[in-house]
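Commentary on secondary and tertiary structure
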Amino acid sequence: MAVCLKRLCSLSLRSMSTVGFVGLGNMGGYMAKNLVKAGKDVVVYDVNESSVQDLKSTGAGACSTPSDLAAVSDVIVTMVPSSPHVLEVFTGSNGLLKTLKPGTLCIDSSTIDPTVSKDVDAAVRAAGGHFYDAPVSGGVVAAENGALTFMVGGDADKFEEVKSYLDDMGANVIHCGANGNGLVVKLCNNMMLAISMIGAAETLNMGIKMGMERQLLSEILSKSTARCWSIDTYNPVPGVMEGVPASRDYAGGFGATLMLKDLGLADDMADGSDSPIVLGKMAKQIYDELCKDEKFAPKDFGVIFKKLSEQ
Ligand code: NAD
């Protein structure tokens, strides 16, 4: 709190907006760093102290609770794992809403249940702020390179202002309509991604077991009709690509448990809209099985290849 109050005093002498960032994990850490690099005045909070220290070393300020952070922020970006974490950060006993300044722009980039996002939107409005759901696509490499795609839901009138901050972290910032629509698009994307990753893993595993060299097989599929992001950008076979989780024993990246969470959210969305998703439900079952094994659960979702190759 003391650190934040000091910042508040010094900020009152400046006109620059302060951007608060909550959730400095695989994605949020890089996103917050990109805001710092872009010259924004950034303050951060995470339950994990070592992530906070990492951001402090790049020039960000640190706060000891979300409510301390809200007290000094004009714009707040949140990037935490799932719906309960977002509710805790906004409405918890030390949550953002305790001290939110009127007019604060709240941008939640976490992938969560669209109905929870709408509830948080209502609570932020009641507190005098503005709320946008802005989930992302692109993974940790795009987060690091400031090349994310943001799918934004919320009122059109402040979209350009929201975009001006997201532009520092992404290459594409797209308004999808009313609040919750960004998440609808994101869950469609991730259901398709899970299906394509399982398809890529099954295909590559079969080809390799039939004697094909892994690099050559991947190269040919990348130039053929099987081409997809899971093969040509985020290949799940160790040793085929540098810089992807598969080449560091699936460390970092997009956790299998986060993918399972998104498939659960997509499943609920499909049930609620009477949409048949046969493959989506199968993908959920496959990731559910995978995550029951503690050897695979903490790894990147491409670890499905490793599971198949060990069978
Ligand atoms: P992560 O688990 O690496 O990071 C989450 C961070 O939130 C951690 O640092 C954690 O300590 C922090 N946190 C948890 N609860 C908190 C709380 N109450 N207050 C403050 N901080 C808290 O997750 P991630 O991979 O960065 O993903 C974040 C979100 O982005 C998820 O919703 C995920 O589905 C989505 N996403 C991830 C990827 C990816 O490739 N990793 C891609 C697109 C979208």
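Residues numbered from 1 in each chain as written. Predicted model: local features only at pLDDT ≥ 70, side-chain atom pairs only at ≥ 80, totals over all residues. Heavy atoms only, no water.

**Considerations on the side chain of Ser117**
- On the secondary structure map, Ser117 appears in helix 6 (residues 114–126).
- With residues up to four places along the chain from it excluded, the contact list for Ser117 reads Ile112, Phe131, Asp133, Asn179 and Leu183. (Helix = DSSP H or I, 4+ residues; strand = E, 2+ residues; numbered from the N terminus. Contact = heavy atoms within 4.5 Å.)

**Things to note about the domain arrangement of the chain**
- Domain assignment breaks the chain into domain 1 (2–179) and domain 2 (184–309).
- Between domain 1 and domain 2, the C-alpha centre-to-centre distance is 29 Å.
- For the pair domain 1 and domain 2, the summed buried area comes to about 1100 Å², and 69% of that belongs to carbon and sulfur atoms.
- Here domain 1 is connected to domain 2 by 0 salt bridges.
- In this assembly, domain 1 and domain 2 are joined by 4 residue pairs in polar contact (both at pLDDT 80 or more). (Domains from an automatic or database assignment. Buried area = accessible area lost by both parts, 1.4 Å probe. Salt bridge = Lys/Arg side-chain N within 4 Å of Asp/Glu carboxyl O. Polar contact = N/O pair within 3.5 Å; in protein donor to acceptor, adjacent residues only side chain to side chain.)

**What about the packing of helix 9 (residues 181–209) against helix 13 (residues 278–291)?**
- Contact geometry for helix 9 and helix 13: axes closest at 9 Å, N-to-C directions at 65 degrees. On the basis of their axis angle, the class for helix 9 and helix 13 is roughly perpendicular. Judged by the sense of rotation from one axis to the other, the crossing of helix 9 with helix 13 is left-handed. Contacts from Met191, Ala194, Ile195, Met197 and Ile198 of helix 9 reach helix 13 at Leu279, Gly280, Ala283, Ile286 and Tyr287.
- Looking at the contact of helix 9 with helix 13 residue by residue, the class counts come to 9 nonpolar, 1 polar and no charged. (Axes fitted to C-alpha atoms, helices over the stretch in contact; angles between N-to-C directions. Parallel < 35°, antiparallel > 145°, perpendicular 65-115°, else oblique. Left-handed = near helix turned anticlockwise from the far one by under 90°. Nonpolar A, V, L, I, M, F, W, Y, C, P; charged D, E, K, R; others polar.)

**Thoughts on the site of the ligand**
- Looking at the ligand, there are 26 residues lining it, with Asn26, Met27, Asp46, Pro81 and Lys261 nearest.
- One of the backbone nitrogen or oxygen atoms of Asn26 is found 2.9 Å away from an oxygen atom of the ligand.
- Every element with two or more residues in the shell around the ligand is listed here: helix 5 (83–91), helix 7 (139–145) and helix 12 (256–272).
- For the shell around the ligand, the element with the highest residue contribution is helix 5, accounting for 3 residues.
- Residue composition of the shell around the ligand, by class: 13 nonpolar, 9 polar and 4 charged.
- Two domains each put at least three residues into the shell around the ligand: domain 1 (2–179) and domain 2 (184–309). (Near = heavy atom within 4 Å.)

**Looking at the pattern of salt bridges**
- Enumeration according to the criterion identifies 16 salt bridges in this entry.
- Among the salt bridges present, the one from Lys295 reaches Glu310, with a minimum N-O distance of 2.8 Å. Here the residue Lys295 occupies a position in the loop between helix 13 and helix 14 (304–309), and Glu310 occupies one in the segment after helix 14, the gap between them amounting to 15 residues.
- Residue classification places Lys295 among the partly exposed positions, given a relative accessible area of 42%.
- Take Glu310: its relative accessible area is 45%, and that puts it in the partly exposed class.
- One connected set of salt bridges, linked through shared partners, spans Asp267, Asp271, Lys281 and Lys284. (Buried < 20%, exposed > 50% of the residue type's maximum accessible area, 1.4 Å probe, protein only.)

**A few points about the nonpolar core**
- The biggest cluster of nonpolar side chains holds 40 residues, and the ones touching the most others in it are Leu204, Met259, Leu263, Tyr287, Leu290, Phe301 and Ile304.
- At the level of secondary structure, the elements contributing two or more residues to this core comprise helix 9, helix 10 (214–222), helix 12, helix 13 and helix 14.
- Looking at this core, the element that brings in the most residues is helix 9, giving 9 residues.
- Those residues in contact with Leu204 that sit more than four places away from it in its chain are Leu217, Ser218, Leu221, Ile231, Asn235, Pro236, Val237 and Phe305.
- Formed by 34 residues, the second largest nonpolar core is a distinct cluster that contains Phe21, Met27, Val77 and Val140. (Core = buried A, V, L, I, M, F, W, Y, C linked by side-chain atoms within 4.5 Å.)

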